[in-house]
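What follows is the residue order along each chain.
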Amino acid sequence: MLRRFNYTGRKRIPRQNVPIDIIKSGDGIYEIRATFKFDGLALPKSARVYVEAYKDTYYRRYNFGCVENIVTPDDLKLTGIDDFNILFRVKVVDSDNEGVLLAEANRISPIKPGEETARKLSLIWVTGVDLGNTIWRLELSDESEWPILEINQKIEHITEIAQRDSIFHCLVFPEVIRKILNHAIFYHDYRSPNDADDIWCLWLKFISGLPGMSFPPEQGDEQELHDWIEMAVDLFGKNNEFLRKFEIETSFGGEE
Amino acid sequence: MGQSILKIHKMNDTKFAPYGHFALNVDDLPPMPCDDDDYITEFCKDFHLKRNGEPGLSIVIPYPAKDISGNDVILSALQHYFYPILEDRLIVDVEYAGKTVSINQNTILDLMEASFPDDQKEQAEKAGKLCDLAAWNITLPDKDYVVIQPAGADGYAPKWKRELFSEEQLTTLQKKFERGDRIAIKAPIYFKRKNEDKTTKSYFNVILQRDKNIGKSISHFIRNEITISGIRGFGSRKGVLGIVVIDEKELSGLLGDSENPAHTEWQYKSKKFQGKYENGASILRYVIYSLGKITDILSKPVEGLHKDLLKDIFSIDANEMDDDGDKDSGGKGGEPPPPPPPPPPPKPKYFILSKIESGFRVIANEDESTPEILNIHVAYEVRKGNPFKKWSPYDFDFGNDTLKHDIQNAELLTKDGNHLKVKVKTNGFSLKVTGFDKNRDIRVRLTYDKEVENA
């Protein structure tokens, strides 16, 4: 049994209540637009509201006044950012007791220019590196914000292969899922998507949402947790028809 | 007498503690150095010590391991001390089998070639290449180092990022790196001791050369002429030689505080280091990962990270990220999901765990037959990683009674670190633990076994 106790009474702001858009201003520079809905959270009217943009080591903070009187800052520019793979967090901070975090929403994915709704959040990143004689490797270090699938950049068209090739998917993705779930459950000790607000819990949510899957057994012993992971890997393969696709791709035409 | 801590060792099947003292043992006093002139003279004579009143360090090993040969000592000196020898700051004389081999600036390259046994020619070649790289660096004028932006100048934890390099530096260095040219980078870093206002500026040097023929990369860390042999700077990256040199006094002192007694690692949990510096662990990581991270920056194409490449397969709708029990997020869009199989029967809840003022309470669920042995692990929550693995005695320690506990109908078998072990006597069991920092979240993990354990 695992429990996290929040002693400061910090509240979680639903992400859909604080959507953030990225727009292109008249002078061609990208800026953010944010709207806030704090209904039902019973936050003090004087509490300060901040939006933070972050990506790897990139960080910008915008002061939006207070809960009662949201004031859009003059400078909303996202300077120094050349793509939209950026995330945001909204923080509501006690104005009397400086530094006390009253509420927050983390990992808000912005709505890009041209999009009408928030995009899907990718759960794994991919990068090409020199892996010697290995085709792929999964990077799951604490240093990394996200799981990263490393693919050998010495192989021609490897990016396209990783994205579209059925055989690559059939052979690689089950092991990717197995490794990520092992990391979430046995390294981070998570059992539910609500255990924390990070990528590993989003993975538990993603997997638990597969048809036929439930959350990991909260009080399960090690063997039960391994069984749950294997069930997830199998169901993912079933939903994506890996067996059938692999047989088609590897069959020798004309030999029937 | 310093920190003369070796490893736990065995002699004639008897295990000995790692602390070795050649000292006077008087009553209950700690071991004291000998200052009897006659005794010291006799000692020097018995063990052929040549140092006569000069400052320095002499080490006598009365029982060296029999399988260590004179050539092994030469090889070890070459591998661990080639840098100060090349700098002409160290000369090693090895006397064995009636001869003296002097390892110095002039003889080191020949000895490097001659001393490795025939079955270690590959290691010899790699050591020779590393030695060449070091020799190049030692003669490099200061103006030829590429000085990057300082890390930690803004008060944040230092972290490797492309922005530390100017566009011009990146373009030049990437080309040089790809060609296999040698690269020397000076990495400035700011840090601060806790409870001090003053910020210290320091730096370290990183020397790199890509060599696709060497297979596994080779890294070498040198602090104040000492090789820190247990650090691997490249992870699994291949085909790069790298040397990190820390000889600036302030940074060298910081790293020295984190060094284990055998001088093989930098450990952020070291007693002399922990809690002494702002962002201390990040500074260690910044130095330790420098070779790997610079390699990544110089070898990856600018658009190397594809964040949305597999979005169609592994993604979650941003609007659904907060819906705790939603089951729609994982399936393939558009197709109605098949009906789920019936869930397995839930496991009984033997204990009820709840939050109380500055702590938590565990009680037995009276509807169930309670397991006899209950293990409780507690840790302060962390933003990244497993909090139980990041627990430190500086957070709290059940063993030193800073936390209060009140236990009913159970016996406390163990209270040590962040672990409590309890033998539950009846279903009226209750345990309250209080005294945690109210400004931090805590994570509590209960594990138990239905079988009675031998406590």
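For clarity, every value in this text was computed on a predicted model and none was experimentally measured.

Basis of the calculations
- Residues numbered from 1 in each chain as written.
- Chains lettered and ligands numbered in written order.
- Predicted model: local features only at pLDDT ≥ 70, side-chain atom pairs only at ≥ 80, totals over all residues.
- Heavy atoms only, no water.
- Helix = DSSP H or I, 4+ residues; strand = E, 2+ residues; numbered from the N terminus.
- Buried < 20%, exposed > 50% of the residue type's maximum accessible area, 1.4 Å probe, protein only.
- Contact = heavy atoms within 4.5 Å.
- Areas by Shrake-Rupley, 256 points an atom, 1.4 Å probe, with all protein chains shown as cover.
- Salt bridge = Lys/Arg side-chain N within 4 Å of Asp/Glu carboxyl O.
- Patch = residues over 30% accessible without salt bridge, like charges linked within 9 Å, V, L, I, M, F, W, Y side chains within 5 Å.
- Lys, Arg positive; Asp, Glu negative; His and termini not counted.
- Charge placed at Lys NZ, Arg CZ, Asp CG, Glu CD.
- Pairing = 2+ DSSP bridges.
- Polar contact = N/O pair within 3.5 Å; in protein donor to acceptor, adjacent residues only side chain to side chain.
- Axes fitted to C-alpha atoms, helices over the stretch in contact; angles between N-to-C directions.
- Parallel < 35°, antiparallel > 145°, perpendicular 65-115°, else oblique.
- Left-handed = near helix turned anticlockwise from the far one by under 90°.
- Nonpolar A, V, L, I, M, F, W, Y, C, P; charged D, E, K, R; others polar.

*Asks:* Give me the lowdown on the overall build of chain B, citing residues and values where you can.
*Replies:* Looking only at helices and strands, chain B features 9 helices and 20 strands. Looking at chain B as a whole, 39% of its 455 residues qualify as buried. Excluding contacts between residues fewer than 6 apart, the proportion of contacts in chain B whose partners are at least 24 apart in sequence is 58%. When the accessible surface of chain B is totalled, it reaches about 26500 Å², and 49% of it is carbon and sulfur.

*Asks:* So, the pattern of salt bridges: which residues are in play, and what are the values?
*Replies:* Residue and element names in this part refer to chain A. This model, assessed by the stated rule, comprises 28 salt bridges over all chains. A salt bridge links E104 to R10, with the nearest nitrogen and oxygen atoms 3.9 Å apart. Of the two residues, E104 is situated in strand β8 (residues 101-108) and R10 in the loop between β1 (2-5) and β2 (11-12); the sequence distance between them amounts to 94 residues. Residue E104 is classed as buried on the basis of its relative accessible area, which comes to 12%. Here R137 makes a salt bridge to E150, at a shortest N to O gap of 2.5 Å. Here R137 is found in strand β11 (residues 136-139), whereas its partner E150 is found in strand β12 (residues 148-152), with 13 residues between them in sequence. Judged by its relative accessible area of 8%, E150 falls in the buried class. Among the ionic contacts, a cluster of salt bridges with common partners joins E52, R61, R89 and K91.

*Asks:* Which residues make up a negative patch on the surface, and what values go with them?
*Replies:* Residues and elements named next belong to chain B. On the surface, D35, D36, D37, D38, E42 and D46 cluster together to form a negatively charged patch. Among the structural elements, D46 can be located in helix α1 (residues 37-46). Judged by relative accessible area, D46 falls into the partly exposed class, the value being 47%.

*Asks:* Give a description of the environment of A:G65 that names residues and reports values.
*Replies:* Residues and elements named next belong to chain A. Tracing the sequence through the fold places G65 in strand β6 (residues 58-66). According to the relative accessible area criterion, G65 is buried, its value standing at 10%. In this structure the C-alpha to C-alpha distance between G65 and R48, which are 17 residues apart in sequence, comes to 5.7 Å. Beyond its immediate chain neighbours, meaning those up to four positions away, G65 contacts A47, R48, V49 and V71.

*Asks:* Mind laying out the pairing of strand β5 (residues 48-55) of chain A, listing which residues take part and the relevant values?
*Replies:* Residue and element names in this part refer to chain A. β5 sits mainly inside the fold: 7 of its 8 residues count as buried. Relative to β6, β5 runs antiparallel, the two being bridged by 7 bridges. Residue pairing for β6: Y54 is matched across the bridge by Y59. As paired elements, β5 and strand β7 (residues 87-93) share 7 bridges and run antiparallel to each other. Within β7, the residue paired with R48 across the bridge is V93.

*Asks:* Explain the environment of B:S202 to me, and be specific about the residues and the numbers.
*Replies:* Residues and elements named next belong to chain B. Structurally, the position occupied by S202 is in strand β7 (residues 199-210). S202 sits 45 residues away from D247 along the chain, and the two C-alpha atoms are 9.8 Å apart. When residues no more than four places from it in sequence are discounted, the contact partners of S202 are A187, P188, I189, F191, E248, E250 and L251. From its side chain, S202 meets the backbone nitrogen of L251 in a polar contact 3.5 Å long.

*Asks:* Residue-level account of the packing of helix α3 (residues 199-208) of chain A against helix α4 (residues 222-239) of chain A, with values.
*Replies:* Residues and elements named next belong to chain A. With their axes 10 Å apart at the nearest point, α3 and α4 run at an angle of 60 degrees to one another. With respect to α4, the axis of α3 lies oblique. As for how α3 packs across α4, the hand of that crossing is left-handed. Contacts from L204, F206, I207 and S208 in α3 reach W228, A232 and F236 in α4. Split by residue class, the contact of α3 with α4 holds 6 nonpolar, 1 polar and no charged.

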